[in-house]
Structures are given as structure tokens and as C-alpha cells.
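Here are the chains, one letter per residue:
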Amino acid sequence: MIDERAVEIWNDELEELFLRTGHRFRRVEPRRRMRDYIRGLLGPVGRKNGWQLAEYAGHRTPDRLQRLLNGARWDPDEIRDDLQHYVAERLGEPDGILVLDDTGFLKKGTTSAGVQRQYSGTAGRTENCQIGVFAAYATTRGRALVDRELYLPKSWTDDRDRCRAAHIPDERAFATKPDLAKAMVLRAIASPLPIAWVTADAAYGQEWRLRRMLEETGLGYVLAVPKSQQVPHFGRIDHLFSQAPDQAWERRSCGDGAKGPRVYHWAALQITPIEDFDGEMPTHQRWALARRSISKPEEITYYLGYAPLGTPVEHLVRVAGMRWAIEEAFQAAKNECGLDQYEVRRYTGWMRHITLAMLAHAFLAVMAADAAAKGAAETVPASRPSPWQKFGGSWQLSTHPPPFTNTSPVHAR
């Protein structure tokens, strides 16, 4: 039996959210349609397409909801800004983490904005799809999607007639996925979201411009990188960790998963120190980390980190583990809020649907956080010297290691 007081609380919270965003619509009709759309995305609708959402809202046809997405005058970026304010107020914590990733949306045909045959991590293969690049905000209180961009391949941006037919703005030129992620990071920094860290998988972590930008803005990061990633003065990161002594690998949890704590063997060491850009004493330190599966020790993931001096390894491990927050957000937003169940082809319609689905998901994240808070109240040659040394309880690289004898060191067997 549904608790009537709980329903009242949810309705009050939803009305407050509508008040936050209602002023973005100049006319009453699109404002009402937005409310109908959000309620449909949150409601018990089997397939959250135009017809079923319209039926749930009591409309005879989906025309008015389609007009909301394709024809009405409102700016989804303004709703995104309201969403970020909402998440900052209700889920924000000083050490908040911004998580970057992309997800695929399978599509048929060739007319949907940005669609082409391309690799989709969601499908695990090359498919005809659209790719959205997203930022999620994660704290111990909850996680929510807070920004989005539609990736446009060169096959689109090089064909301006095709772009105009899909209502893609003329100013949208080609941008890589890391470029889109960088733009979202800068927007997040300018927003009320309290952010201390950024994490992402290797597709973004290997982009040195992104790492450099984060360092210049003073944000800490723990970013996955490929095994071929070069560590200054020491070559490939996998070769570096192949020299790690057994005692450097420590069993640590990087957070709880569906089956309990996610426990791995972790090794971490400090690398080149960072000086402030005005030449003063260092305030931050660069790190290299590796996460090794306990049951399959050949499976190792590598990371580069940047953190304030004195940051313990346990905190870096926790930040790395928060990357899964965006996967959980994708799953919840798709399963519960119809993130991937749209029937729009134009760029404008995609941005509007995705933004409203994110808003619906943020509402669920806030309600879940409130309920939880209420419940709580109630290989290298053996003769080669190792660059690994232990100082003050943490592993560091030797300040003056011997030079490599070649550019491709041999693994120890």
C-alpha cells in the first residue's frame, strides 16, 4: 500500500521543481506541456514515446508534446542551468566529483542528427547510432546527470546542408568527444555545483589537453589511461607498474557495488611534483595508479592522478571508483525516465528530450537521497634498478633514476 504522506511529499517536491523551471517558458501552454512531459517520464508508462506519454497526460494525440520538443520557443540550456542549481542544492558536497562518459542511442536511418555507423560502448560494437557525451555529478548523497552534448561526426559537420535539415546550429563545428567534455567541465566550474574532482575512462583520460586544463583550473582528477600511456622520464605506464614490488599492491575497496564492496589490488606512487604556475611552492602532486583484479591478476587498469599535497591513496581510489556512478545514472535514466526512448530526429528535439529526461532523473535522485537521509536519521630486466622507492609511507619514483637503455623496455618474465 502506497503511503499517502509519501505521495504528498513527492508531489510537493515535483511542484517545487516545476516552479524552478517554469519561468523559462514564456507562454502558459508550453509550460503545461513541460509538466505533462516530465510527469509522463516519471509515470508508469511502458514505452515512453509520444503516443504513450500523450495518453498518460490525457491528450488525444501526441501533437502538443511533439510541439514542445520541436516547435515551442524555449532554451534547453536554461533548463540545464536550473538542473545544475537543483542538484547543487540537494546533492552537493564540497568534494563533489564530476564524471565524464558517453553513451549510445541505437537508431535506424540516416536523418537523425549525428547518426551514423560508429562504435557504441553501450552496444559493445559498431552500430548505426547517435552518441551523447554526458557529465554526471556524484557525492555520497547521490548522483545525477548534469550536462550533455550530442557528438556530431565529420560526416555531419562537413555537410552543412545536412546539418541545416536537422536544425543543427551553424556554429556547431566538429568537436571530438574530449573537446565536448572539456566544454562541460568549464560550464560545471562556472555553475553552483561544488566540484573538487573529475574522473573518466581512458577515452577521455588519455587526452593530455583535458588533463592540463584540469590542472590549470585547480581541479583534482583520477583519469583512466591506456596501458601504453607514457609517464614522463619512465616510459609506458604498464612497464612502470611491472616493476612494482609485491608489497606495493594493497587490497582496497573503491566503493560499494551491487554485490558489495568492489575490492581490487591497488598500487599507487607519486610522480613528477607540480609547482604553482606563479613559481611558488607546490600545492599539488601527480600520481600514477594501477588497479589489478584479484581473481584475474592479468587484468590491470591504469590511471593518472592529480591531487592536493597530502591526499591519501584511499581518497584517490575512492575517486577512481566513482566513475561507475555515471553508468548507474545512465541505466536509471534510461530505465526509469525514458532517456533513450525518444522519437525525435532534429538536433533541437534531441537536446530538449535529453534535458527533460535528465531533469526527471535528478528529481528521482533527490527523492532517493532524501529517503536515505531520513532512514539514516532514523617487465624489466632483473639487472635494471627499480625506480620504486618508499618514502614516508607512500611509494614514489626515484628522483634520479637511471636512463632507459632503449625506448621499449623488456618485460620481466
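Residues numbered from 1 in each chain as written. Predicted model: local features only at pLDDT ≥ 70, side-chain atom pairs only at ≥ 80, totals over all residues. Heavy atoms only, no water.

Turning to the pairing of strand β5 (residues 195-200), a few remarks are in order. Extensive coverage of β5 is indicated by the burial of five of its six residues. Where strand β1 (residues 96-106) and β5 come together, five bridges link them in parallel fashion. Each bridged residue has a counterpart across the sheet, and for leucine 98 the counterpart in β5 is valine 198. (Buried < 20%, exposed > 50% of the residue type's maximum accessible area, 1.4 Å probe, protein only. Helix = DSSP H or I, 4+ residues; strand = E, 2+ residues; numbered from the N terminus. Pairing = 2+ DSSP bridges.)

With 19 residues, helix α1 (residues 4-22) should cover 27 Å at 1.5 Å per step; its first-to-last C-alpha distance of 26 Å lies within 8% of that length. Turning to α1, its buried residues are Glu13, Leu14, Leu17, Phe18, Arg20, Thr21 and Gly22. (Expected span 1.5 Å × (residues − 1).)

Applying the stated criterion across every chain, the model contains 31 salt bridges. Between arginine 187 and glutamate 149 there is a salt bridge, with the nearest N and O atoms lying 3.0 Å from each other. Of this pair, arginine 187 sits in helix α8 (residues 177-190) while glutamate 149 sits in strand β4 (residues 143-150), placing them 38 residues apart in sequence. With relative accessibility at 24%, the residue arginine 187 sits in the partly exposed group. Given the relative accessible area of 11%, glutamate 149 is considered buried. With a shortest N-O distance of 3.6 Å, glutamate 327 and arginine 323 are connected by a salt bridge. (Salt bridge = Lys/Arg side-chain N within 4 Å of Asp/Glu carboxyl O.)

Attention shifts here to the environment of arginine 286. Relative to the assigned elements, arginine 286 resides in strand β11 (residues 284-292). The exposure class assigned to arginine 286 is partly exposed, which follows from its relative accessible area of 24%. Spatially, the C-alpha atoms of arginine 286 and tyrosine 306 are 4.5 Å apart, while their sequence positions differ by 20 residues. At 3.0 Å, the side chain of arginine 286 forms a polar contact with the side chain of glutamate 215. (Polar contact = N/O pair within 3.5 Å; in protein donor to acceptor, adjacent residues only side chain to side chain.)

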